[in-house]
Amino acid sequence: MTSITQDASTRSERLVETGKGMFDANFFLSLGLALIVWAILRTPEGWQTFLGEADREVLQIAFELRVNQTVEGTGPILFLNLDESVWQSDETDGPALAYAPRKVVADMLEAAYGIPGFPRPKVVVADIDLFWRTPEEEQESRIDDILTRWGEDTEAPLLVMQREVVDGDGHRDQLARARGSERERILANASAQNIVWSVAQITGDEVVGARYMAHYLCIKTKAGTDIVPTTPLYAIAGRTASSAQEAITLVNRAMERPRQFCRGEIDDSSFTLERIDREPIPFGEQESFINYSAHPGNDPVTEPALLAADMFYIPAGFANPPMVSGLASIFGVVIIGSAASMARDRHMTPYGLMGGSMVIANMVRGLEEGGEIRRLYWLLDAVLLSIFVTLIVASFWYARIARDWIGPTSHLPFLARVARLPAKLLTNPVIVKLLIGVGIFWVSTLASYLLLDNGIWVSFAAPAYVAALNEAREDFEELMESLRNARSQAA
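The paragraphs below set out a description of the structure included in this document.

**Describing the state of the cysteines**
Phase 1 of the analysis: Within the structure shown, the criterion is met by 1 disulfide.
Phase 2 of the analysis: Paired through a disulfide, Cys218 and Cys262 show a sulfur-sulfur distance of 2.0 Å. As the torsion about the S-S bond is roughly -70°, the Cys218-Cys262 disulfide counts as left-handed. Separated by 44 residues along the polypeptide, Cys218 in strand S9 (residues 216-221) and Cys262 in helix H10 (residues 256-262) bring together distant segments of the chain. Across this residue pair, the class does not change: Cys218 and Cys262 are buried.

**Some details on the sheet that holds strand S1 (residues 77-81)**
Phase 1 of the analysis: Pairing within the open sheet is mixed, and its 7 strands lie in the order S6-S3-S2-S16-S1-S15-S14. Sheet topology places strand S6 (195-198) and strand S14 (305-308) at the edges, where each strand pairs with a single neighbour. The average angle at which neighbouring strand axes cross in this sheet is 20°, direction not considered.

**Structural notes on unusual backbone geometry**
Phase 1 of the analysis: For Asp277, which is not glycine, the phi dihedral falls at a positive 60°.
Phase 2 of the analysis: With respect to the helices, strands and loops of the structure, Asp277 is situated in the loop between strand S11 (271-275) and strand S12 (278-283).
Phase 3 of the analysis: Asp277 sits in the exposed class, given a relative accessible area of 75%.
Phase 4 of the analysis: Even without a glycine there, the phi angle at Phe331 is positive, about 55°.
Phase 5 of the analysis: Take Phe331: it is sitting in the loop between helix H11 (321-328) and strand S16 (333-337).

**Regarding the packing of aromatic side chains**
Phase 1 of the analysis: Following the criterion strictly, the structure yields 16 aromatic pairs and no others.
Phase 2 of the analysis: Centroid distance Trp47 to Tyr212: 6.5 Å. Interplanar angle 75°. Geometry classified as edge-to-face. Placement of Trp47 in helix H3 (residues 44-47) and of Tyr212 in strand S8 (residues 212-214) is noted, with a sequence separation of 165 residues between them.
Phase 3 of the analysis: Each ring, one from Phe79 and one from Tyr313, has its centre 5.3 Å from the other, and the planes form 80°; the classification is edge-to-face. Residue Phe79 is located in strand S1, and its partner Tyr313 is located in strand S15 (residues 311-315); the two are separated by 234 residues in the primary sequence.
Phase 4 of the analysis: Put simply, the rings of Trp47, Tyr212, Phe289 and Trp457 pair up and form one aromatic cluster.
Phase 5 of the analysis: Seen from the ring of Trp197, Arg163 lies directly overhead, with NZ or CZ sitting 4.9 Å from the centre.

**A look at the environment of Thr148**
Phase 1 of the analysis: Residue placement: Thr148 occurs in helix H6 (residues 137-152).
Phase 2 of the analysis: Between the alpha carbons of Thr148 and Arg185 there is a distance of 9.8 Å; along the sequence they are 37 residues apart.

**Some remarks on helix H9 (residues 244-254)**
Phase 1 of the analysis: Of all the residues in H9, the buried ones are Ala244, Ala247, Ile248, Leu250, Val251 and Ala254. The buried side chains of H9 occupy one side of the element, clustering within an arc of 160° when seen end-on.
Phase 2 of the analysis: On its buried face, H9 sits against strand S3 (158-162), S6, strand S10 (224-229), helix H8 (231-240), H10 and S11.

**Quick notes on the sheet that holds S8**
Phase 1 of the analysis: Spatially, the 3 strands line up as an open sheet ordered S7-S8-S13, and their pairing is antiparallel. Strands with a single pairing partner mark the edges of an open sheet, and in this sheet they are strand S7 (202-203) and strand S13 (287-289).
Phase 2 of the analysis: Looking at chain direction, S8 and S13 are connected through 3 bridges and run antiparallel. Residue Met213 lies in a different strand from S13, and its bridge partner there is Ser288.

**Here we look at the packing of helix H4 (residues 53-65) against helix H15 (residues 429-451)**
Phase 1 of the analysis: Running from amino to carboxyl end, H4 crosses H15 at an angle of 50°, the nearest separation of the two axes being 8 Å. By the angle class used here, H4 and H15 are oblique. In the packing of H4 onto H15, the handedness of the crossing is right-handed. For the pair H4 and H15, contact is made by Ala54, Glu57, Val58, Ile61, Ala62 and Leu65 and by Phe441, Trp442, Ser444, Thr445, Ser448 and Tyr449, respectively.
Phase 2 of the analysis: Of the residues that constitute the contact of H4 with H15, the class distribution is 8 nonpolar, 3 polar and 1 charged.

How each quantity is defined
Residues numbered from 1 in each chain as written. Predicted model: local features only at pLDDT ≥ 70, side-chain atom pairs only at ≥ 80, totals over all residues. Heavy atoms only, no water. Disulfide = S-S within 2.5 Å. Helix = DSSP H or I, 4+ residues; strand = E, 2+ residues; numbered from the N terminus. Buried < 20%, exposed > 50% of the residue type's maximum accessible area, 1.4 Å probe, protein only. Pairing = 2+ DSSP bridges. Axes fitted to C-alpha atoms, helices over the stretch in contact; angles between N-to-C directions. Phe/Tyr/Trp six-rings, centres within 6.5 Å; stacked < 30°, edge-to-face > 60°. Lys NZ or Arg CZ within 6 Å of the ring centre and 35° of its normal. Arc of directions from axis to C-beta. Contact = heavy atoms within 4.5 Å. Parallel < 35°, antiparallel > 145°, perpendicular 65-115°, else oblique. Left-handed = near helix turned anticlockwise from the far one by under 90°. Nonpolar A, V, L, I, M, F, W, Y, C, P; charged D, E, K, R; others polar.

See the structure below:
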């Protein structure tokens, strides 16, 4: 009994001797370091550095958890895909064509145009550059006829024609330029004013090549600096507008401030897109993250597929006007493009390689669902990080207490040492640091997964890890100091 009492007394003395307060100077150092890293990651430049790797991984996994979920508050998107088969020449073993076969493109335009007097889509995106002509002159003339008829039909859907730009990247210090084309006359002469040209500017990094989307590009024209809105803006405006003309008016109104920004008249690149019967969507920057949620899969899709309740994938051979009317007549957006490898429009995404047209579908769905992806408001973000750092410090503190209570085990019998081994491991500073890092990472991932529906993402992984690293450093210093004291007393 005396031995047990003495052991408890010794352990109690050891606790008192170890007793630095939980919120000592090192707590403020951990909090300061975490907030410094957090502030760096709130800047675009800092986020691109190695410090942002954990944040990027959080976003990537959150997107993967959301794959092919149905998006709320939107309408159907119908992707008419020029699949691998349509890119082959007529000869059995002939080479792949160098451009999208114009007969199939014309057929897809006819299918998307629909039947006058019957239900039709609200918006059609031609994600094939029709502003340059191929040697298939007969089919090119057919496309001219379709576009001319489209531009004279006041009930036709809004047609957004993708176009290649050259020279710069579309920022105001690197203006882009559109190549001239004979088909500009068709747009200019469209009496229904329901055809526009646009772009889908995608940028990324070495891991995800399609991570960001531009909302508008600064371009140079004969009349000077102007602006071109990107395709998703037209699509989400046209979804709920009463007509194609009204959708174009909404987009043009939204572009008033960006036009001033591109011309150097103001330094604020933000704008707001108004919508009919829906909340307006605010945009803080010229570009933002792509909010991914749809992918057709890695294997070629050779038959119609329902990716989600609001996302249809139709190979070119199956598309026809009645099918388009049936699937996309209720506020539907139709995208004509290609996910085929021969289209040379494939990008690395959180879901692997994906055709540019499917990336556009993700842009539209994401903006309609949650608007521009953004971090939490900075003050709330900082408060939550401070709470996390406090929990991290408390975790190390209680791990120290538990470690002191366990005490040395070298003098104990073998079975007693084995029994205490899990507790010793769980209180080891390295293990505590790793557990905290993994825990914060997955808490951030789960929070982002849930909040991306509202266009918000959260990540404290890197700042929290820095705080845990500093606490682990203090633990090791204390352990080394205790070891030195024990050796000096033994001597």
